[in-house]
Amino acid sequence: MNATPSSTPLLEVRDLKVHFPVRRGLLQRVVGHVKAVDGISFSLSRGETLGLVGESGCGKTTVGRAILRLIEPTSGSVKFDGKDLLQQSGKSLRQLRREMQIIFQDPGGSLNPRMRVGRIVGEPLEVHGMASGDELRERTEVLLERCGLWRAAADRYPHEFSGGQRQRIGIARALALQPRLIVCDEPTSALDVSVQSQILNLLADLQDEFHLSYLFISHDMAVIHHVCDRIAVMYNGVIVESGSRTDVIDRPQHAYTQALLSAVPEADPRARKERIRFAGMRM
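A. Geometry of the sheet that holds strand β5 (residues 83-84). The strand order across the open sheet formed by four strands is β2-β1-β4-β5, and the pairing between neighbours is antiparallel. Of all strands in the sheet, those bounded by a partner on one side alone are β2 (29-45) and β5. Bridge analysis of strand β4 (residues 75-80) against β5 gives two bridges, and the strand direction is antiparallel. Counted as the bridge partner of Phe80 is Lys83 from β5.

B. Inspection of the nonpolar core at higher detail. Grouped together as the largest cluster of nonpolar side chains are 50 residues, with contacts concentrated most on Ile171 and Phe216. It is helix α6 (residues 193-210) that provides the largest number of residues to this core, a total of six residues. Once residues lying within four places of it in the same chain are set aside, the contact partners of Ile171 are Ile103, Cys147, Ile199, Leu202, Leu203 and Leu206. Core analysis: the next-biggest nonpolar cluster, separate from the first, contains 28 residues, Val18, Phe42, Leu96 and Met234 among them.

C. Region of the structure containing the layout of surface pockets. Size it by volume and the largest pocket reaches roughly 400 Å³. Lining the largest pocket are 14 residues, and of these Leu70, Met100, Gln101, Ile102 and Pro124 lie nearest its centre. Listing elements by their share of the lining of the largest pocket, those giving two or more residues are β6 (100-103) and α3 (117-127). If one sorts the elements of the lining of the largest pocket by residue count, α3 sits on top with four residues. Grouping the amino acids of the lining of the largest pocket by side-chain chemistry returns nine nonpolar, two polar and three charged. Taken as a whole, the second largest pocket encloses approximately 210 Å³ of empty space. If you go around the second largest pocket, the residues you meet are Leu125, Arg139, Val142, Leu143, Arg146, Leu175, Ala176, Gln178, Pro179, Phe210 and Leu212. It is helix α4 (residues 133-146) that contributes the most residues to the lining of the second largest pocket, four residues altogether. Broken down by class, the residue content of the lining of the second largest pocket amounts to eight nonpolar, one polar and two charged.

D. Broad picture of α6. Helix length check: α6 (18 residues) gives 26 Å between terminal C-alpha atoms against 26 Å at 1.5 Å per residue, within 8%. All of the buried residues in α6 are Val195, Gln196, Ile199, Leu200, Leu202, Leu203, Ala204, Leu206 and Gln207. For α6, the secondary structure elements touched by its buried residues are β3 (49-53), β6, α4, α5 (163-175), β8 (213-218) and α7 (221-227). Phi turns positive, to about 55 degrees, at His211, one or two residues after α6.

E. Representation of the packing of aromatic side chains in the model. Taken as a whole and assessed by the stated rule, the structure comprises two aromatic pairs. For the pair Trp150 and Phe161, a centre-to-centre distance of 5.8 Å together with 35 degrees between the ring planes defines the contact as tilted. Remark: Phe161 occurs in the loop between α4 and α5 and Trp150 occurs in the loop between α4 and α5; sequence separation between them is 11 residues. Classification of Trp150 as partly exposed rests on a relative accessible area of 33%. Take Phe161: its relative accessible area is 5%, and that puts it in the buried class. With centroids separated by 4.6 Å and ring planes inclined at 40 degrees, the aromatic side chains of Tyr235 and Tyr256 adopt a geometry described as tilted.

F. Representation of the pairing of strand β10 (residues 238-244) in the model. Sheet analysis places strand β9 (residues 230-235) next to β10, joined by six bridges and oriented antiparallel. Its bridge partner lying in β10, Ile231 is registered against Gly243. Where β9 folds back on β10, the antiparallel hairpin that results is connected by two residues, among which Asn236 adopts a positive phi of roughly 50 degrees.

Calculation notes
Residues numbered from 1 in each chain as written. Predicted model: local features only at pLDDT ≥ 70, side-chain atom pairs only at ≥ 80, totals over all residues. Heavy atoms only, no water. Pairing = 2+ DSSP bridges. Helix = DSSP H or I, 4+ residues; strand = E, 2+ residues; numbered from the N terminus. Core = buried A, V, L, I, M, F, W, Y, C linked by side-chain atoms within 4.5 Å. Buried < 20%, exposed > 50% of the residue type's maximum accessible area, 1.4 Å probe, protein only. Contact = heavy atoms within 4.5 Å. 1 Å grid on protein atoms, 1.4 Å probe; cavity = no way out; pocket = protein on both sides within 12 Å on 5 of 7 lines; lining within 4 Å. Points joined across faces, edges and corners; volume = space filled by probe spheres on them. Nonpolar A, V, L, I, M, F, W, Y, C, P; charged D, E, K, R; others polar. Expected span 1.5 Å × (residues − 1). Phe/Tyr/Trp six-rings, centres within 6.5 Å; stacked < 30°, edge-to-face > 60°.

Right, here's the structure in full:
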């Protein structure tokens, strides 16, 4: 995106592993492990957008959730502004969680259908004791307005909105606590192409305005190329290639990266493009 990244890392991930036990039998003994994430390392600078790309099932969403400790990592370290998140608990973890938020893939499924939009967006402010009463209402309406909705939307329910509008609600909720890091977990994959561009432009504008850092998770190389400063390519729980957007897109070194790029559709329907197959790909 258009932000100028700082040289000092905001987020440092080292040898992160997330293994899920496989249990069998009447006593549910552990007979093995699924290695969803198997020792990955990367860093994210202030104001930077890092794209984590790979096909479905490669472990990229697990990485995003493990960083935020929505899933507990098996081992490794996750340092946010120099503090190891995996060593935090209680009040210290709660304070750090204000600095990190997530935008989920499914804008409908991530919003409580029984809550009005104003309550959904304002709930983080209430939980962290940052606003209440008229101030809470005002801050909620300002967030909705900044994300391209209208103030009266606060009184409506999620089902009354389109998919793109629901994602704007999710973005407003993520911004409520004024975080420095947002994990964008496939934020446009459930949306129409025309709406995708609007959401991506909104995220770019918000990054410039609020000096945000994004970990942008996607399976779409075209989207990653458009929004990211650097790219990390993930396959079967490990990062197989990483580098600047130009290096990865224009000079891919790994066969899996080349296969992902070959799957990007051409704008010209007359253009012929050789499709590269990589062993194990589900695309």
